[in-house]
Amino acid sequence: MTVDPLAEIVTLLQPAARFSKLVECAGAWRIHREATGEPFYCAILEGHCRVTFGGHQPFILRAGDFVLAPAMRDIVSESVDAPATLSAMVPTQLSGGHFRVGRLEGPPDMRMRIGHCSFGAPDAALLVSLLPDVVIVRDEPRLATLMQLVGEETRERRPARELVLERLLEVLLIEALRSGTETTVTSSLSRGLADERLAAALHAMHARPAHPWTVADLATEAALSRSAFFARFSRVVGLPPMEYLLAWRMALAKQLLRSRELGLDQVAERVGYGSASTFSVAFARYAGMPPARYARGDVRSD
């Protein structure tokens, strides 16, 4: 079975929905959302606006556009004609999950659906660091449809609700990450997967994490020289190849330890270590505690 690195990372993140809302905007308006570090996403349903993420260059978003910030930094959303002196506003709640900002009377100039979720993985920060800071998808209305399904499932109390929400969010995040046409960073896993040569090495690492990979082996998978592969991987993905491999092995190890389905020897073998003692030393150096303590759920470091 083909292993998809992007799907594996999104699954390990364990996304869970928090809330979503419909926001209507009219006239001149400005909204400032402070950084939370949590995942934020937004679909523009009608009209257009200007959005600035964490001090980066502003983007103009139009109907059909979708934005994903895996770890939300400061975001300023505003009408394109908003004067520089306009103060940030607090949206007025019209009903449950329905808000309005700017002029309260008359039809809205713009409508957007905003969603917030959380990642349940204890090592979410590591996994999020492999993703772009912000992803913008242009003219893909199906993402708004997925958001609507997430919103409906969030409000209803149906059987298997949490499982359905998790799967919907996984699809939403993967669709956004693989469809994104603009980002605010120059390196990430998704960029690596878009590079045919690097994608071959990434797929090999994820398919066989226990293999005793070397930079030369991975360069062969990518059909590049060792030096060219190392430089290209580091630049495009944002980590040197062996650092990425270590991060991925440790993320898998944490998942296996939390499940408590395998013994320490088996976990070590699954992630490429010849013995439990060698794995324990490497894990403790990386995670700040022995694997046995991590498996017990004691997250205090020594």
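Residues numbered from 1 in each chain as written. Predicted model: local features only at pLDDT ≥ 70, side-chain atom pairs only at ≥ 80, totals over all residues. Heavy atoms only, no water.

### Points about the pattern of salt bridges
Note the threshold: Think of a salt bridge as a Lys or Arg side-chain nitrogen and an Asp or Glu carboxyl oxygen that are within 4 Å of each other. Elements are defined by DSSP. Helices are runs of H or I of four residues or more, strands are runs of E of two residues or more, and each kind is numbered from the N terminus. Categorising residues by exposure relies on relative accessible area from a 1.4 Å probe, with only protein chains included: less than 20% of the type maximum marks a residue as buried, more than 50% marks it as exposed, and the intermediate range marks it as partly exposed.
Applying the stated criterion across every chain, the model contains 16 salt bridges. Between E24 and R100 there is a salt bridge whose closest N-O contact spans 3.4 Å. Taken together, the residues span a long stretch of sequence, with E24 in strand 1 (residues 15–26) and R100 in strand 9 (residues 98–102) at a distance of 76 residues. Across this residue pair, the class does not change: E24 and R100 are buried. Within the structure, one salt-bridge network assembled from shared partners comprises E140, R142, E175 and R178.

### Let's talk about the layout of surface pockets
What counts, and what does not: As defined here, a cavity is a set of points on a 1 Å grid over the protein atoms alone where a 1.4 Å probe fits but cannot get out. A pocket is an open set with protein on both sides within 12 Å along at least five of seven lines, and residues line them when an atom is within 4 Å of a point. Grid points are joined across faces, edges and corners, and a volume is the space filled by probe spheres set on the points.
By volume, the largest pocket amounts to about 190 Å³. In terms of lining residues, the largest pocket is bounded by ten residues, among which L177, R178, S190, R191 and A194 are the most central. Of all the secondary structure elements, the ones that give two or more residues to the lining of the largest pocket are helix 4 (161–179) and helix 5 (189–194). Considering every element that reaches the lining of the largest pocket, the biggest residue donor is helix 5, with four residues.

### Digging into the UniProt feature "domain: HTH araC/xylS-type" (unreviewed entry) in the chain
The following threshold applies: UniProt positions are given in the numbering used here, feature names are shortened, and annotations may be inferred rather than shown by experiment.
Following the UniProt record, the feature "domain: HTH araC/xylS-type" (unreviewed entry) maps to residues 196–297 here. Along residues 196–297 one finds 74% helix and 0% strand; the C-alpha atoms at either end are 39 Å apart.

### So, empty space enclosed by the protein
Selection rule: When residues are grouped by polarity, Ala, Val, Leu, Ile, Met, Phe, Trp, Tyr, Cys and Pro land in nonpolar, Asp, Glu, Lys and Arg in charged, and all others, Gly among them, in polar.
Under the definition given, this model contains three cavities of 30 Å³ or more. Sorting the residues of the lining of the largest cavity by element identifies strand 3 (40–46), strand 4 (48–53) and strand 7 (75–78) as the ones contributing at least two each. Residues belonging to the lining of the largest cavity are distributed by class as follows: ten nonpolar, one polar and one charged. In this structure, the second largest cavity spans a volume of roughly 60 Å³. Its residues assigned to classes, the lining of the second largest cavity shows six nonpolar, three polar and three charged.

### Points about the state of the cysteines
Short version of the rule: Disulfides are defined as cysteine sulfur pairs within 2.5 Å.
On inspection of all chains with the given rule, the structure shows zero disulfides. There is no disulfide at C25, and the cysteine sulfur nearest it, in C49, is 7.1 Å away. For C25, a relative accessible area of 0% translates into the label buried. Of all cysteine sulfurs, the one in C42 lies closest to C49, which takes part in no disulfide; the gap is 6.7 Å. A relative accessible area of 1% places C49 in the buried class.

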